[in-house]
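# Overview (structure and organization)
Each chain, letter by letter, is given below.
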Amino acid sequence: EPAEATLLHTRIRQDYRVHMIMDNLPAATKMIRELPDGQTIVMYDRGYPLGFVGSAERQGSVPGGAYLHNHLRFVLKYHKDAAFDGARIVGFEVEPLSVKHKYKGAWSDDASQLQLLTLPVGPDLPPLRVDPKGSAAEREVVYTYDVKWEPSDVKWASRWDLYLYMGDDQIHWSSPPPARRS
């Protein structure tokens, strides 16, 4: 719907973030920054950005256009400990991607009948632009995800440590107006 596309477009331009929880851990987005001296540091942000605004540096994007992150790669980090039978989830990262999905034939809600042509998903695929003025076909959004399991040296008791070093989020709270008495 055009109204939904307009809202998505606005929220992307306002840098909205999406928050999720997996096994009681908030989602985190990993960022790698290069310092002026050439060293790299790894930082994390809570959640993931709803999308991004296109720029000359973003391959396949139009500068100023709003692009939706409609594919999520869940990176689940697990730790095995001899004192525990099995493994425990100790990290939950989200790698968001924007993908203009294509599929063969007509759309089907039955995944066994759907033939996506944009798999495997990677950063080299064209991004999905949110254009409220586009046709219904141009406004179509296909959401996908994949899961990557990674072993981790982080122990269960330390799984919250990386969240302690994150900055504070600005939260947009919404509530209904108070009721009036006549």
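Everything in this summary refers to the structure shown in the same document. (Residues numbered from 1 in each chain as written. Predicted model: local features only at pLDDT ≥ 70, side-chain atom pairs only at ≥ 80, totals over all residues. Heavy atoms only, no water.)

### Re the overall build of the protein chain
Scanning the protein chain from terminus to terminus reveals one helix and 13 strands. Starting at the N terminus and ending at the C terminus, the protein chain contains elements arranged as α-β-β-β-β-β-β-β-β-β-β-β-β-β. Once the C-alpha set of the protein chain is aligned to its principal axes, its extents read approximately 60 × 55 × 45 Å. Sorting the 182 residues of the protein chain into buried and exposed places 30% on the buried side. Look at the contacts in the protein chain between residues 6 or more apart in sequence, and 63% of them connect residues 24 or more apart. (Helix = DSSP H or I, 4+ residues; strand = E, 2+ residues; numbered from the N terminus. Buried < 20%, exposed > 50% of the residue type's maximum accessible area, 1.4 Å probe, protein only. Contact = heavy atoms within 4.5 Å.)

### Some remarks on the nonpolar core
Judged by nonpolar contacts, the single largest core of 13 residues is most densely connected at Phe-92 and Val-94. For this core, the secondary structure elements donating two or more residues are β9 (71-80) and β10 (87-97). Excluding residues that lie within four positions of it along the chain, Val-94 makes contacts with Ala-27, Ala-28, Thr-29, Tyr-48, Leu-72, Arg-73 and Phe-74. Ranked by size, the runner-up nonpolar core spans seven residues in total, among them Ala-5, Leu-50, Ala-66 and Val-130. (Core = buried A, V, L, I, M, F, W, Y, C linked by side-chain atoms within 4.5 Å.)

### Description of the packing of aromatic side chains
Using the criterion set out here, one finds six aromatic pairs in the structure. A ring pair is formed by Phe-52 and Tyr-67, whose centres lie 5.1 Å apart and whose planes are at 10°; its orientation type is stacked. Residue Phe-52 is found in strand β7 (residues 51-53), and its partner Tyr-67 is found in strand β8 (residues 66-68); the two are separated by 15 residues along the sequence. For Phe-52, a relative accessible area of 9% puts it in the buried group. Classification of Tyr-67 by relative accessible area gives buried; the value is 2%. (Phe/Tyr/Trp six-rings, centres within 6.5 Å; stacked < 30°, edge-to-face > 60°.)

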